[in-house]
Amino acid sequence: VLTLEPNYEEGKAKGLLANAHLKQGAAYHRQKNYKAAAEEYVSATQIDPSSARTFYNLGLAYKSAREYKKAVTALETATDLDPSYDKAFRSLGDIFRATRKKKQAVTAYGNAIAANPKDICSFRSLAKVHSDNKQYSRAASTLAKAIKVKPADAQLRVDLGFAYHSMKKYNKAIASYKKAITN
């Protein structure tokens, strides 16, 4: 149908075909067949190169297959297409952290937080990068911001206590641990 009439129902056939590739890619991904998933997502991107979601899924498939360069390229395309795609930024941060590109991880997590200031996972991941860099005061500051967003999250308070402990601010650490227990 696409060959005979590329504008069939105003492009509806293209959308249906791209969606079929997305669904098959997701099925392969659930089966942990990441190479086949990536192939399906690549097919979907060729049909609809404007879909940030498709590039995000492609990036996740490559990330799962540990093909990090390809994952970064796909995820960066997703964020170029949709600069508010917080999950794509967070996935970029995860890859950069795993590959020890800490400056890039900080930037990616910062972009994720800017895109979605309620994304606690990005705050927590950013704090971990700061802790990995022994920048405990930055970790504590990041965690304090996260606690303002989600004050009942006990794990954030435990993480904050650890950051204070690492800075040898034991009274603040104990206070944070106590709040974690009483929440």
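No experiment lies behind these values; they were computed from the predicted model shown.

(A) Expanded view of the side chain of E40. Tracing the backbone shows E40 in helix α2 (residues 34-47). Buried and unpaired, E40 has no salt bridge, with R30 as the nearest side chain of opposite charge at 12 Å. Apart from residues no more than four positions distant in its own chain, E40 is found in contact with H21, Q24, G25 and Y28.

(B) Region of the structure containing the environment of E76. Mapped onto the elements, E76 comes out in helix α4 (residues 68-81). Judged by its relative accessible area of 36%, E76 is partly exposed. When the C-alpha positions of E76 and Y56 are compared, they lie 8.6 Å apart, and in sequence the two are 20 residues distant. With residues near it in sequence (within four places) discarded, E76 still touches L92 and F96.

(C) Region of interest: unusual backbone geometry. At R100, a position not held by glycine, the phi torsion is positive, near 65°. When you line up the elements, R100 lands in the loop between α5 (86-98) and α6 (102-115). Here K134, not a glycine, exhibits a phi torsion of approximately 60°, which is positive. Examined against the element boundaries, K134 turns out to sit in the loop between α7 (120-132) and α8 (136-149). A residue is classified by how much of its surface remains accessible, and K134, at 62% relative accessible area, is exposed.

What counts as what
- Residues numbered from 1 in each chain as written.
- Predicted model: local features only at pLDDT ≥ 70, side-chain atom pairs only at ≥ 80, totals over all residues.
- Heavy atoms only, no water.
- Helix = DSSP H or I, 4+ residues; strand = E, 2+ residues; numbered from the N terminus.
- Buried < 20%, exposed > 50% of the residue type's maximum accessible area, 1.4 Å probe, protein only.
- Lys, Arg positive; Asp, Glu negative; His and termini not counted.
- Salt bridge = Lys/Arg side-chain N within 4 Å of Asp/Glu carboxyl O.
- Contact = heavy atoms within 4.5 Å.

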